[in-house]
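Observations on the model geometry
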Amino acid sequence: MKIDENSGFTRADINTARPLNVSRRGFLAGSISALVLTVSLPAGTGRAIAQAGQTTPGTRIDAYLEILADSTVKFRSAFVEGGQGIYTAMAQIVGEELDVEPGNFQVETAPPGPDYLLIGGQIRFTGGSMSVRMSYDAMRKLGATARQMLLQVASERLGVPIETLTTEPGKVVHTASGQSIPYGDLATAAAALPVPETVELRSKDEFRWIGKPHDRLDVLDKSTGRAQYAIDLSVDDMLYGAVQHAPRLGQQPGAFANEADVAAMPGVHSLHKLPGAVAVLADSWWRARMAVEKLEVEWTEAPAGSARAMPDTFSSEAHKEMLKATAGQGIAFEAEGDADAALASSAKVIEAAYDAPYLAHGQLEPPSALVRWNDDGTLEMWVPNQAPEMFQADAAKVAGISADKVIVHSPMLGGFFGRHFLYQTANPYPQAILLSKAAGRPVKLLWSREEEFLRDALRPIGTVRFRAAIGPDGHPLAFDAVAVGEGPTGRWYGRQPDKVDSSSVEGIAGKPYAIANKRVGQIHVDDPAIIGFWRSVGHSMNDFFYESFFDEMADAGEQDPFELRLKLLDHSPRHKTLLQTVGDLSGGWKRGPFEAEDGTRRARGVAMASPFGSEVATIAEVSLDGGEVVVHDVWVAIDPGSIVNPAIIEAQVNSAVALGLSSALLEEVVYTDGMPEARNYDMYPILPPERMPRVHVRIVESGAPMGGVGEPGLPGVPPAVANAVAVLTGERIRSLPLSRFDFSGANG
């Protein structure tokens, strides 16, 4: 795909040579038939709207929808589409109130701008399962406001009271006279009206699209190859770049042993030294890659004390053992009752230590960046990202220009799972900026899969120590947990030494079970690796730790783990209902071991999780075959409070189950000598299709505040599987992945 000098990044804009980056004022002046509305945001975000008019045209535009002459709608989303269905959800929400069928929306990601800071009015990113729940009210009001303005124009044009008008999809209707006017015919006049301060929203029983399944807007283009990702894009006069990173973080390039030979290779334009890497620019990416891989580089060691320099003695196994051996109770994050006293006085105390490894993101689309310096001094980037404003600000620092001179396009993502945040040393756009500046031409830089595995921002290693006191009735009297390690939130958003990073303990703290005495603490230990957010963040391992240890508490008290959970949730109808729902969904709880219809010996495990405002209960049915774990079925009951698209929720749960199971069974990044052993999928196996179980999903709408759906389906899978394995083997596995253990001695 070629991008010409006048283009934005969407196919529709390219075909019409219409620039995406236009100011609202300029757009209103030049629009032939369009209704453009800013979003009236909740308290705290008004300042951002007020500042929008002061920004440089072409880099920040108001959040708006555009009604086209044919009554279809162009909508610019604050959130990036990466397979999670956010474009479709936005069309359903806005379309519901505007009265436009979601299939008649064209949705694209908005450029950076203060009016898109929908998360607390201060920040914008696509992650944390926040996109729908943080924008739902504002987007409904946007659609209702547009509809009201269209009704007002139609009232004046038809000479009838506005109360006598209604709408049908894409048009205003006067039922008494049988007259109707398409939205496209009203849009220009409506754009001149003052924006109403208050509008009436539809009641839930009037919804036609919210809460109903709807086909994804992006599926057709993806299935026919027309969807455009960053790796598909190009601009005129573009060079291709490939890099070779230093084997270890902190090392810097020195002399080239074969510079002349590489420079003479076909298509090579130039060779470059970058911070921690070398690069080759060429007339094709393959030629650039072949050349840079042939380049023989003398890597120099980082000076002593350099930040984030990886020592050649580092190993992930040694780091894990150091974390497990770190003594102390740490800083308390959660405390109720007196756990220490209850533990000291109890006749029965159990202890256990758990750990989980580094994980790579492994998303399908490798990192890339397309960068162009324009004649007016602006820097233009097409870059996969989950946070346009953050990338814009950092790119400005790299380029040595003001942020308003950086134009960021956010193409559709080929999977992300937390990969495309602003991680130190883990993004290619700083390299592309420097290369484009040096070459005086646009540069498209693409990391090979090997370079991606070398520089990915990993889910951190996690360890936790548990203690529990078991009472005479078999119920836990006290619970104590100490997590040891570092969380990604503190790493990238600042850590206060006297406070606990919540991403280190989420999934351990805040559990709903009625345990009178409990304490959850954390000991911070710096992680030498570049760590980042991974799908469901701390929940991805902490719920494995907690829910597995819960079964240990149940066994110590001679209780069935499902029934014990029910008893400890008597005070919380929402959680108890959800657990009963997943039990019913599975055909009735049975722990096992039991013999299935095919003659295999099976067992079931259960787990609960409370990630990102939603509640989830999970059951997994497992057998053993040839020493390996086989997962046959996974049942998931999810309560996100309220919903927009049940089909998307079911798809997201299926996706989360796949990733959760992959992490439980197979995935692990191993460091030796300061370097990751895996440089491609041959050394980093992921779940193959033949090991994917049947997934059964039931959605429960409790009416609680809306929660997320992209990540909550994942955390319950590893503990549910591990709990089932413990039943089959009689052995409690407290470390992942399960592929490191040979179960051939167990009776499968």
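This one's a predicted model, so the numbers in the text were calculated from it and none came from an experiment. One numbering rule holds for all chains: residues counted from 1, following each sequence as written. Restriction of local features to residues with pLDDT of at least 70 applies here, the model being predicted, together with a cutoff of 80 or more for giving and counting side-chain atom pairs; totals for whole chains, interfaces and linings are based on all residues. Processing note: side-chain calculations cover all non-hydrogen atoms of the structure and skip hydrogens and water entirely.

Okay, the overall build of the chain next. Numbering of helices and strands runs from the N terminus; a helix is a DSSP stretch of H or I covering at least four residues, while a strand is a stretch of E covering at least two. Along the backbone of the chain there are 21 helices and 27 strands. Using a 1.4 Å probe on the protein chains alone, a residue whose accessible area is under 20% of its type maximum counts as buried, one over 50% counts as exposed, and one in between counts as partly exposed. When the 748 residues of the chain are sorted by exposure, 60% land in the buried category. Considering only residue pairs separated by 6 or more positions, the chain has 77% of its internal contacts joining residues 24 or more positions apart. In this description, accessible areas are obtained by the Shrake-Rupley approach with a 1.4 Å probe, and a residue is regarded as covered only by the protein chains that are shown. For the chain, the exposed area adds up to about 28,000 Å²; of that, 51% sits on carbon and sulfur atoms. When charges are counted, Lys and Arg are positive and Asp and Glu negative, with His and the chain ends excluded. In plain terms, the charge of a residue is placed at NZ if it is Lys, CZ if Arg, CG if Asp and CD if Glu. Considering the chain, the positive charge centre built from 67 side chains and the negative charge centre built from 93 side chains are found 2 Å apart. In this analysis, two residues are considered to be in contact whenever any of their non-hydrogen atoms come within 4.5 Å of each other.

Right, let's talk about the sheet that holds strand β24 (residues 628-639) for a bit. Here five strands make up an open sheet; going across it, the order is β21-β22-β23-β24-β27 and the pairing mixed. Of all the strands in the sheet, the pair left with one neighbour each is β21 (594-595) and β27 (694-699). Note that β21 and strand β22 (residues 601-609) share two bridges and pair antiparallel. When the sheet's bridge partners are listed, Phe-594 is paired in β22 with Arg-602. One bridge is not enough; two strands pair if DSSP finds at least two bridges between them.

Relative to the helices and strands, Gly-707 resides in the loop between β27 and α21 (717-729). Relative accessible area serves as the criterion here: at 8%, Gly-707 is assigned to the buried category. Note: C-alpha distance between Gly-707 and Glu-615 (92 residues apart in sequence) is 8.3 Å.

When the centres of two rings from Phe, Tyr and Trp lie within 6.5 Å, Trp using its six-membered ring, the rings pair. Their planes under 30 degrees apart give stacked, over 60 give edge-to-face, and anything left gives tilted. Enumeration over the complete set of coordinates arrives at 22 aromatic pairs. Summarising the aromatic geometry, the rings of Phe-391 and Tyr-429 are spaced 5.1 Å apart at their centres and angled 40° between planes, so their arrangement reads as tilted. Remark: Tyr-429 occurs in helix α13 (residues 429-439) and Phe-391 occurs in helix α12 (residues 388-399); sequence separation between them is 38 residues. The interplanar angle of 50° and the centroid separation of 5.0 Å between the aromatic rings of Phe-479 and Tyr-546 together place this pair among those described as tilted. Of this pair, Phe-479 sits in strand β19 (residues 476-485) while Tyr-546 sits in helix α17 (residues 539-556), and the two are 67 residues apart along the sequence. Pair check on accessibility: Phe-479 and Tyr-546 agree, each one buried. Through a chain of ring-to-ring contacts, three or more aromatic side chains come together here, namely Tyr-354, Phe-466, Phe-479, Tyr-513, Phe-544, Phe-545, Tyr-546, Phe-549 and Phe-550. Any Lys NZ or Arg CZ that is within 6 Å of a ring centre and within 35 degrees of that ring's normal is treated as a charge sitting over the ring. Lying over the aromatic face of Phe-256, Lys-273 brings its terminal NZ or CZ to 5.2 Å of the ring centre. One residue, Lys-437, lies across the ring of Trp-373, its end atom 4.2 Å from the ring centre.

This paragraph deals with the side chain of Glu-380. Along the chain, Glu-380 turns up in strand β15 (residues 379-382). Among the residues examined, Glu-380 registers a relative accessible area of 6% and is labelled buried. Here a polar contact is taken to be a pair of N or O atoms separated by no more than 3.5 Å, where protein atoms must pair a possible hydrogen donor with a possible acceptor and residues adjacent in sequence count only if both atoms sit in side chains. Reaching out from Glu-380, the side chain makes a polar contact with the side chain of His-409 at a distance of 2.7 Å.

Bringing the pattern of salt bridges into the picture now. One speaks of a salt bridge when a side-chain nitrogen belonging to Lys or Arg is within 4 Å of a carboxyl oxygen belonging to Asp or Glu. Taken as a whole and judged by the stated rule, the model has 41 salt bridges. Of the charged contacts, one joins Arg-202 and Asp-99 as a salt bridge, the two residues approaching to 3.7 Å between their closest N and O atoms. Here Asp-99 lies in the loop between α4 (86-98) and β3 (105-109) and Arg-202 lies in the loop between α6 (183-191) and α7 (219-223), a separation of 103 residues in the sequence. On the basis of relative accessibility, which here comes to 1%, the residue Asp-99 falls in the buried class. The salt bridge involving Arg-216 is made with Asp-218; its shortest N-O contact spans 2.9 Å. On the basis of relative accessibility, which here comes to 5%, the residue Asp-218 falls in the buried class. One salt-bridge network, held together by shared partners, links Lys-511, Asp-543, Glu-547, Asp-551, Asp-555, Arg-565 and Arg-591.

Taking 1.5 Å of rise per residue, the twelve residues of α12 would be expected to cover 16 Å, and the 16 Å separating its terminal C-alpha atoms lies within 8% of that figure. For α12, the set of buried residues is Pro-388, Glu-389, Met-390, Phe-391, Gln-392, Ala-395, Ala-396 and Ala-399. In this structure, the buried residues of α12 make contact with β14 (368-373), β15, β16 (406-409), α13 and α15 (488-493). Positive phi shows up at Gly-400, right after α12, with a value of about 75°. Given a helix with a known number of residues, its expected span is that number minus one, times 1.5 Å.

Over its 13 residues, helix α19 (residues 573-585) extends 18 Å from the first C-alpha to the last, a length consistent with the 18 Å expected when each residue adds 1.5 Å. Listed in full, the buried residues belonging to α19 are His-575, Leu-578, Leu-579, Thr-581, Val-582, Gly-583 and Leu-585. Buried residues along α19 sit in contact with α18 (561-568), β22, β23 (615-625), β24 and β27.

Of all six residues making up strand β10 (residues 277-282), six are buried, and the element is well covered by its neighbours. Of the two faces of β10, both are covered, the one formed by Ala-277, Ala-279 and Leu-281 as well as the one formed by Val-278, Val-280 and Ala-282. Relative to β10, strand β7 (residues 239-245) is paired through six bridges, and the arrangement is antiparallel. Note that in β10 the partner of Gln-244 across the bridge is Val-278. Bridge analysis of strand β9 (residues 268-274) against β10 gives six bridges, and the strand direction is antiparallel. Bridge pairing links Leu-271 to Val-280 in β10. Between β9 and β10, which pair antiparallel in sequence order, lie two residues; one of them, Gly-276, sits at a positive phi of approximately 75°.

Across the chain, the average pLDDT comes to 90, with 91% of residues at 70 or higher. Within the model, the stretch residues 1-34 combines pLDDT values under 50 with 81 contacts to residues more than four positions away or in other chains. A residue's pLDDT is the predictor's confidence in that residue, given on a scale from 0 to 100. Contacts of residues 37-62 to residues separated by more than four positions or lying in other chains number 61 contacts, the stretch itself having pLDDT below 50.

This next bit is on the environment of Asp-312. You can see Asp-312 is positioned in the loop between β11 (297-300) and α10 (316-325). By relative accessible area, which is 44% here, Asp-312 ends up partly exposed. Taking the C-alpha atoms as reference points, Asp-312 and Ala-658, 346 residues apart in sequence, are found 35 Å from one another. Not counting residues within four places of it along the chain, the set of residues in contact with Asp-312 comprises Arg-248, Asp-673 and Gly-674.

We now examine the pairing of strand β2 (residues 73-77). Most of β2 is tucked away, with five of its five residues classed as buried. Judged by which residues are buried, β2 turns out to be covered on both faces: Val-73, Phe-75 and Ser-77 on one side and Lys-74 and Arg-76 on the other are all buried. Sheet topology note: the strand β1 (residues 65-67)/β2 ladder contains three bridges and is antiparallel. Paired with Ile-67 across the two strands is Val-73, which belongs to β2. Pairing analysis gives five bridges linking β2 to β3, with the strands arranged parallel.

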